[in-house]
Amino acid sequence: MGWVKSAKSEFRKIPVTSVESCSFRLAGAQDIPHTCHLYRDANAKLPVWEAALGFEFGQLTHPQWRQLVTTYASWHHRRNLADYDRDRNYTLMDFMPPIMQAWNRHRFHEQNVATRRPPAIQTKLAANCWGTLYEILRLAKQENPSAPTLFVTDSHPMLKVLRQRSMKIQSTPQTGDIVLVHHQNDIRTYLDHVALVVDQQLFFEKAGAGNHVPYRLIDRQTLEQIWNPDIYTFEYRRPHTHQQWLPPEQVFSLNGNRRVADERSLVYQHSYHYSSQNLPGQIISFAMKQLPELVLEQGRFRLSSQAYDPEGLVEDQSR
């Protein structure tokens, strides 16, 4: 394992080129007035990454607020939500966990991590859909949750862990359930994508790995446009109520993870690696990195300014 010198990665807010009204109705808020907005980024790298959904309730009565808390926040720690405010214009994200509030409608731009490892081994700090889902589930039940960790790991151990910590459901999915999108090759199941259920036909996802991939709310139609259900299997599962989700560096490794730190950075170098097709013979490994603490501002959580700074993520988060 090499000593980590610099991450130089950053979050970026997704630009909005237009906002359109949409007809989507929340099943969990049918009797509460709400508006659906489609936020479009016309410059997205792929058309399927252009759109993200948002929902506004406006001002709520206390009974309406209580109903939405019961519907959308019962699966995570209630105390992380702001107290009722009759003058607040509420959105659906106000009832989601801190990590989802902070990551929604962002991208993460990965970069190489400088280490003292052999030149043939390239180390990256990156994020993907199941690393995102794991951290959402891990931090959901924590009061004043710790800072999230960015990581990528192989699909097979992640599939095993997600199945072990949840039960398969045949009924209508509810907020806090998860969906595993996978395909079969001979006798082995290959995990392709994961998402969190927010409403019956609404999901929160990181749409994949790479610099251009959004964290966002999407409807089932968009999810199926990307992952054709005639080809891929959608497996709905409900996390066990009292399940303990350990930090990822304790779970996803071969022979355990080794903690590597210098005076400026705390990173977990873990064992997931692959040979690059573009660079024959080169092995790419992925680092785990704890982000700066989320910031609570006027009852909503957001990313620290450090997370938007290419130099900000190299600050020592171990203190």
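Basis of the calculations
For every chain, the first residue of the written sequence is number 1, and numbering continues from 1 onward in sequence order. Two thresholds apply to this predicted model, a pLDDT of at least 70 for residue-level local features and 80 or more for giving and counting side-chain atom pairs, whereas whole-chain, interface and lining totals are computed over all residues. In computing side-chain properties, one takes all heavy atoms of the structure into account and sets aside hydrogens as well as water. Note on geometry: axes are lines fitted to C-alpha atoms, helical ones only across the stretch in contact, with angles between N-to-C directions running from 0 to 180 degrees. Helix numbering and strand numbering both begin at the N terminus, where a helix is a DSSP run of H or I of at least 4 residues and a strand a DSSP run of E of at least 2. Each angle gets one of four labels, with under 35 degrees taken as roughly parallel, over 145 as roughly antiparallel, 65 to 115 as roughly perpendicular, and the rest as oblique. In this scheme, a crossing is called left-handed if the near helix is turned counterclockwise away from the far one by less than a right angle; it is called right-handed if the turn is clockwise. Whether two residues touch is decided by their heavy atoms; if any such pair falls within 4.5 Å, the residues are in contact. For this classification, the nonpolar set comprises Ala, Val, Leu, Ile, Met, Phe, Trp, Tyr, Cys and Pro, the charged set comprises Asp, Glu, Lys and Arg, and every other residue, Gly included, is treated as polar. For this analysis, a nonpolar core means a set of buried residues of the types Ala, Val, Leu, Ile, Met, Phe, Trp, Tyr and Cys, connected via side-chain atoms within 4.5 Å. Burial classification: accessible surface area is computed with a 1.4 Å probe over protein chains only, and a residue below 20% of its type maximum counts as buried, one above 50% as exposed, and the rest as partly exposed. A cavity here means a set of points on a 1 Å grid, drawn over the protein atoms and nothing else, where a 1.4 Å probe fits but cannot get out; a pocket is an open set with protein on both sides within 12 Å along at least five of seven lines, and a residue lines either one if it has an atom within 4 Å of a point. Grid points are joined across faces, edges and corners, and a volume is the space filled by probe spheres set on the points. Here a Phe, Tyr or Trp ring, Trp counted by its six-membered ring, pairs with any other such ring whose centre lies within 6.5 Å, and the pair is stacked when the planes are under 30 degrees apart, edge-to-face when over 60, and tilted otherwise. Our definition puts a charge over a ring when NZ of Lys or CZ of Arg is within 6 Å of the ring centre and also within 35 degrees of the ring normal. By construction, the arc corresponds to the directions joining the helix axis to the C-beta atoms. Side-chain atoms alone can form a polar contact between residues adjacent in sequence; in general such a contact is a pair of N or O atoms within 3.5 Å, and within protein one must be able to donate a hydrogen while the other accepts it.

Participant: Explain the packing of helix α3 (residues 129-140) against helix α4 (residues 155-164) to me, using residue names and the numbers behind them.
Facilitator: The N-to-C vectors of α3 and α4 enclose an angle of 30°; their axes lie 11 Å apart at closest approach. Comparing the axis directions of α3 and α4 gives the class roughly parallel. The element α3 and its partner α4 pack so that their crossing is left-handed. From α3, W130, G131, L133, Y134 and L137 reach across to α4, where they touch S155, M158, V161 and L162. Tallied by class, residues from the contact of α3 with α4 come to seven nonpolar, two polar and no charged.

Participant: Give a detailed account of the nonpolar core, specifying residues and quantitative values.
Facilitator: Membership of the largest hydrophobic core comes to 63 residues, with the highest contact counts inside it found for F57, L92, F95 and M100. At eight residues, the largest contribution of residues to this core is made by α3. Counting residues in each nonpolar core, the second largest holds eleven residues, with V179, A195, W227 and F234 among its members.

Participant: Give a description of the layout of surface pockets that names residues and reports values.
Facilitator: In this model, the largest pocket occupies a volume close to 660 Å³. Taken together, 27 residues make up the lining of the largest pocket; nearest its centre are M93, Q101, N104, R105 and R300. Of all the secondary-structure elements, those providing two or more residues to the lining of the largest pocket are β4 (51-58), β5 (90-91), α2 (98-103) and β20 (300-302). No other element matches the five residues that β4 contributes to the lining of the largest pocket. In the lining of the largest pocket, the residues fall into twelve nonpolar, eight polar and seven charged. Empty space within the second largest pocket amounts to approximately 410 Å³. Taken together, 23 residues make up the lining of the second largest pocket; nearest its centre are W75, Q174, T175, G176 and D177. Secondary-structure elements contributing two or more residues to the lining of the second largest pocket are α1 (62-72), α3, β12 (188-199) and β15 (233-239). By residue class, the composition of the lining of the second largest pocket is nine nonpolar, ten polar and four charged.

Participant: So what's going on with the packing of aromatic side chains? Residues and values would help.
Facilitator: In the structure shown here, the tally under the stated rule is 14 aromatic pairs. Arranged with centres 6.3 Å apart and planes meeting at 20°, the rings of F11 and W103 form a pair that is stacked. Of this pair, F11 sits in strand β1 (residues 10-13) while W103 sits in helix α2, and the two are 92 residues apart along the sequence. For the residue pair F11 and W103, the accessibility class agrees, reading buried in each case. Taken together, a centroid distance of 5.6 Å and an interplanar angle of 65° make the contact between F24 and F55 edge-to-face. Here F55 lies in strand β4 and F24 lies in the loop between β2 (18-22) and β3 (35-40), a separation of 31 residues in the sequence. A relative accessible area of 15% means that F24 is categorised as buried. An aromatic cluster of three or more residues is present, and its members are F11, W103, F108 and Y215. The ring of W245 carries the charged tip of R165 above its face, separated from the ring centre by 5.9 Å. Geometry around Y215 places K206 over its ring, the cationic atom sitting 5.3 Å from the centre.

Participant: With reference to specific residues and values, describe α4.
Facilitator: Taken together, the buried positions of α4 are S155, M158, L159, V161 and L162. Along the axis of α4, the buried positions cluster into a sector of 165°, meaning they face one direction only. Those residues of α4 hidden inside the fold are in contact with α3, β10 (166-168), β11 (178-185), β12 and β15. One side-chain oxygen of the residue at the start of α4 lies 3.2 Å from the amide nitrogen of H156, identifying that residue as D154.

Coordinates in, geometry out; function isn't part of it.
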